[in-house]
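Coordinate inspection notes
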Amino acid sequence: MPSSANSADLHSGEPLDLLVLGSGVAGLSAAVRAARRHGLRVGVLTKGELEQSTTRWAQGGVAAVLHADPDSPDSTDLHLLDTLTAGAGLCDEDAVRVLVDEGPSRVNGLIALGATFDRDGEGKLELAREGGHTLPRIVHAGGTDTGAEIERALVDAVRATAAAIFEHAFATDLLVEAGRCRGVRAVTTDGVVDVAARNVLLATGGAGQLYSVTTNPVEATGDGVAMALRAGVACADVEFVQFHPTAVHRATMPRLLLSEALRGHGAKLRDARGERFVDELLPRDQVSRAITRRMLDDGTEHVWLDITELEAFDQRFPTLTRELRAAGFDPPAEWVPVAPAAHYFCGGVVTDLDGATSLPGLWAAGEVACSGVHGANRLASNSLLEGMVFGWRVVEAIEAGQEGPSTTGAMRAVLGTAADGAIGGRPLPGWTSPGALAWTPPAAMADAGVADLLARFQHGMTAGAGVLRSADSLDEAAVLVDKVRGELGPVGSVAGVQLANLLDVATAVLAAARAREESRGAHTRSDHPDRRDEFCFRLVLSR
Ligand code: SIN
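The notes below deal with the structure included here. Source: prediction; values computed, not measured.

1. Describing the overall build of the protein chain
A count of helices and strands for the protein chain gives 14 helices and 21 strands. With the C-alpha coordinates of the protein chain rotated into their principal frame, the extents come out at 65 × 55 × 50 Å. Residues counted as buried form 60% of the 543 residues belonging to the protein chain. Taking as baseline every contact in the protein chain between residues at least 6 positions apart, the subset at least 24 positions apart corresponds to 75%. As presented, the protein chain carries roughly 19,100 Å² of accessible surface, and 51% of it is formed by carbon and sulfur atoms.

2. Looking at the packing of aromatic side chains
According to the stated counting rule, one finds 4 aromatic pairs in the structure shown. The interplanar angle of 80 degrees and the centroid separation of 5.2 Å between the aromatic rings of tyrosine 211 and phenylalanine 243 together place this pair among those described as edge-to-face. With tyrosine 211 in the loop between strand S9 (200-202) and helix H5 (223-230) and phenylalanine 243 in strand S11 (residues 241-248), this residue pair connects regions lying 32 residues apart in the sequence. Pair check on accessibility: tyrosine 211 and phenylalanine 243 agree, each one buried. Summarising the aromatic geometry, the rings of tryptophan 304 and tryptophan 335 are spaced 6.4 Å apart at their centres and angled 55 degrees between planes, so their arrangement reads as tilted.

3. Section: the sheet that holds strand S8 (residues 191-196)
If you trace the 3 strands from one edge of the open sheet to the other, you get S6-S7-S8, paired in antiparallel fashion. Every interior strand has two partners, whereas the edge strands, strand S6 (170-177) and S8, have only one. Taking the axes of each pair of neighbouring strands and ignoring which way they run, one obtains an average angle of 25 degrees across the sheet. Where helix H14 (residues 494-515) meets the sheet, its contacts fall on S6 and strand S7 (180-188), and the angle it forms with S6 comes to roughly 65 degrees.

4. Examining the site of the ligand
Surrounding the ligand, one finds Gln59, Gly60, His244, Leu257, Ser259, Glu260, Arg284, His343, Arg378, Ala380 and Ser381. Residue histidine 244 places a side-chain N or O atom 2.8 Å away from an oxygen atom belonging to the ligand. In this structure, histidine 343 approaches the ligand through a side-chain N or O atom, which is 2.7 Å from an oxygen atom. Expressed as a share of its isolated accessible area of 260 Å², the protein-covered part of the ligand is 95%.

5. Let's talk about the side chain of glutamate 280
Here glutamate 280 shows up in the loop between strand S12 (268-270) and helix H7 (284-298). Within the structure, the side chain of glutamate 280 is placed 2.8 Å from the backbone nitrogen of leucine 269, a separation counted as a polar contact. One polar contact links glutamate 280 to arginine 276, side chain to side chain, over a distance of 2.7 Å. Those residues in contact with glutamate 280, other than ones at most four positions away along the chain, are Arg263, Ala267, Lys268, Leu269 and Val287.

6. Looking at H14
Note that an α-helix has 3.6 residues per turn; residues three or four places apart therefore point the same way. Between its first and last C-alpha atoms H14 spans 32 Å; for 22 residues at 1.5 Å apiece the expected length is 32 Å, and the two agree. Among the 22 residues that make up H14, 16 are buried, leaving the element largely enclosed by the rest of the structure.

7. Some points on the environment of methionine 295
Its place among the elements puts methionine 295 in helix H7. In contact with methionine 295, other than residues within four places in its own chain, are Thr300, Glu301, His302, Val303, Ala339 and Pro340.

8. Some words on the nonpolar core
Residues Leu19, Leu45, Leu202, Leu210, Phe457 and Met461 are the most contacted members of the largest nonpolar core, which totals 71 residues. In terms of residues, this core owes the most to one element, H14, which gives 12 residues. The contacts of phenylalanine 457, once residues within four sequence positions are left out, are Gln209, Leu210, Leu480, Val481, Val484, Leu499, Leu502, Leu503 and Ala506. Membership of the second largest hydrophobic core comes to 55 residues, among which are Leu40, Val44, Leu80 and Val139.

9. Overview of the sheet that holds strand S10 (residues 235-236)
Taken in spatial order, the 5 strands line up as S17-S15-S10-S21-S18 in an open sheet, and their pairing is mixed. Whereas interior strands pair on both sides, the edge strands pair on one side only; in this sheet they are strand S17 (369-370) and strand S18 (424-427). By the bridge criterion, 2 bridges tie S10 to strand S21 (residues 537-541) in an arrangement that is antiparallel. From the neighbouring strand, alanine 236 faces S21, where its bridge partner is valine 540. Each of S10, strand S15 (348-350) and S21 is contacted by H5, which is oriented at about 50 degrees to S15, the strand it contacts most.

10. Remarks on the pattern of salt bridges
Any two side chains of opposite charge can pair, so long as their charged atoms come close to each other. Under the definition given, this model contains 39 salt bridges. With a closest N to O distance of 3.1 Å, glutamate 534 and arginine 532 form a salt bridge. On the basis of relative accessible area, glutamate 534 is assigned to the partly exposed category, the value being 47%. Through salt bridges with shared partners, one network takes in Asp173, Arg230, Arg485 and Asp504.

11. Considering the packing of helix H12 (residues 447-464) against helix H13 (residues 471-488)
As a packed pair, H12 and H13 sit with axes 8 Å apart at the nearest point and diverge in direction by 170 degrees. By the angle between their axes, H12 is roughly antiparallel relative to H13. Where H12 approaches H13, its residues Val450, Leu453, Arg456, Phe457, Gly460, Met461, Ala463 and Gly464 are matched on the opposing element by Ser473, Leu474, Ala477, Leu480, Val481, Lys483, Val484, Glu487 and Leu488. Taken together, the residues that form the contact of H12 with H13 break down as 11 nonpolar, 3 polar and 3 charged.

12. Examining the packing of helix H1 (residues 25-37) against helix H10 (residues 383-399)
At a minimum axis distance of 7 Å, the contact between H1 and H10 shows a crossing angle of 35 degrees. By crossing handedness, the relation of H1 to H10 is classed as right-handed. Only Leu384, Gly387, Met388, Gly391, Trp392, Val395 and Glu396 of H10 make contact with H1, whose side of the interface consists of Val25, Ala26, Ser29, Ala30, Arg33 and Ala34. For the contact of H1 with H10, the class distribution of residues is 8 nonpolar, 3 polar and 2 charged.

13. Observations concerning the environment of proline 441
Structurally, the position occupied by proline 441 is in the loop between S18 and H12. Distance in space between the C-alpha atoms of proline 441 and glycine 387 is 35 Å, their sequence separation being 54 residues. Contacts of proline 441, omitting those with residues within four sequence positions, involve Val491 and Gly492.

14. So, the state of the cysteines
Scanning the model with the defined rule gives 0 disulfides in all. Cysteine cysteine 181 remains unbridged, with the sulfur of cysteine 235 as its closest cysteine sulfur at 13 Å. A relative accessible area of 0% places cysteine 181 in the buried class. Sulfur of cysteine 536: no disulfide; nearest cysteine sulfur belongs to cysteine 91 and is 10 Å away.

Procedures and definitions
- Residues numbered from 1 in each chain as written.
- Predicted model: local features only at pLDDT ≥ 70, side-chain atom pairs only at ≥ 80, totals over all residues.
- Heavy atoms only, no water.
- Helix = DSSP H or I, 4+ residues; strand = E, 2+ residues; numbered from the N terminus.
- Buried < 20%, exposed > 50% of the residue type's maximum accessible area, 1.4 Å probe, protein only.
- Contact = heavy atoms within 4.5 Å.
- Areas by Shrake-Rupley, 256 points an atom, 1.4 Å probe, with all protein chains shown as cover.
- Phe/Tyr/Trp six-rings, centres within 6.5 Å; stacked < 30°, edge-to-face > 60°.
- Pairing = 2+ DSSP bridges.
- Axes fitted to C-alpha atoms, helices over the stretch in contact; angles between N-to-C directions.
- Near = heavy atom within 4 Å.
- Polar contact = N/O pair within 3.5 Å; in protein donor to acceptor, adjacent residues only side chain to side chain.
- Expected span 1.5 Å × (residues − 1).
- Core = buried A, V, L, I, M, F, W, Y, C linked by side-chain atoms within 4.5 Å.
- Salt bridge = Lys/Arg side-chain N within 4 Å of Asp/Glu carboxyl O.
- Parallel < 35°, antiparallel > 145°, perpendicular 65-115°, else oblique.
- Nonpolar A, V, L, I, M, F, W, Y, C, P; charged D, E, K, R; others polar.
- Left-handed = near helix turned anticlockwise from the far one by under 90°.
- Disulfide = S-S within 2.5 Å.

Structure below.
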């Protein structure tokens, strides 16, 4: 376990004040705030190195109304409205209000921390437009290197302030005693250890590796949601997996993302005949659906993104220019083949407005969380924003002595009643929490065998639970998931636990997608094509 600031903490009995799982924008924002502002003893535990997180891959930017320009027609009310519209009726309005109101301060905090965003000749922040936004309001860095720049600034700050950094340490389960989370069990290069903490923040990101076609890195294996499901912690909205419309159609994974910023700058989608078929600036669920239907109608595996009219392409998008050239294209001189790819997990571990989960001592922020800000479909460039806003709020709530969840935000679907006008919750019919991990090192199955099973599983999920799904396709995927689980058996390696985590998350996704007999946001049922008012609730999975 290299570069632990204080690896003795892993084994000592002294609990950390806050143990952060994951090293993306949510976790690191919380770690920095907790250590710098409040002097808490913070540990960050991550299965790779600190710099390795999905945040680093985020391209487009951060949506925030910064009011740098007094003449701007934009407002946080408009940002709120766009977010609610994209969320297709399932956003928690209070959570979105928190997001849009507190976001600008968090962006300014990042700038103070040393993050550099793109500016025009007069030094004003450049603002881009993306799908679902009525106005340009996306701040960005290095064109499409926004996540990398934010990660760089936060990693530097965490390395300087955290009491302990545990790299190459993989949390496998929550430690729960007397109804409270008291740490995690982790696999390290020294074996299996228990890490004690007064508070644990799940900031483990998403689950893009559920699918064979994804923009997510190999780390995105749903670890946080799986641990929460196994511990019986309430999760919701897991059927809403967002597919990004424009990933480069190529064999290598993860697929290279062509940021929405390109469409915001005028790139056009064209079908096999070269014809436009959709408004490129609609929210991304609608664009992905239109592309998928066009591909099915035309019998093609991709459509085209026409970037030929984009001016100064290589200056505005230097990294994409380099990456497209490396992939054999000549940007912006030619159209690029694109198709939807799994991109973002809209649901997750249910939280209140301060990131508290249904288990006291356990908090969640970022993609792993269901805070209510995304509803059935996340608005472009709201994800980095969510991480920084809610990671910060978790720390303030811990400092304020909050114990357990309040009846606010998405948590109202678990604790509250629908009478207050918020989105209500219903238990997912027939749901039982997955059993404990069957951990039997040394690995029962060699990693090559796990990789083969993973590939079969991912193809089954793409076929059965992709952009378009039906009762039959979901049932077929569920049969495959059970079969793969049986073949995997007990696990004794990190690769094995990651696949076990994906299987637990997939079971939840398939069951929720099966139960939601309507089409809403990122969840499209070909056998139930309409949105149905009677389904305007969260499907809650808990013990
Ligand atoms: C993009 O740049 O298109 C992706 C940004 C996001 O996921 O919001």
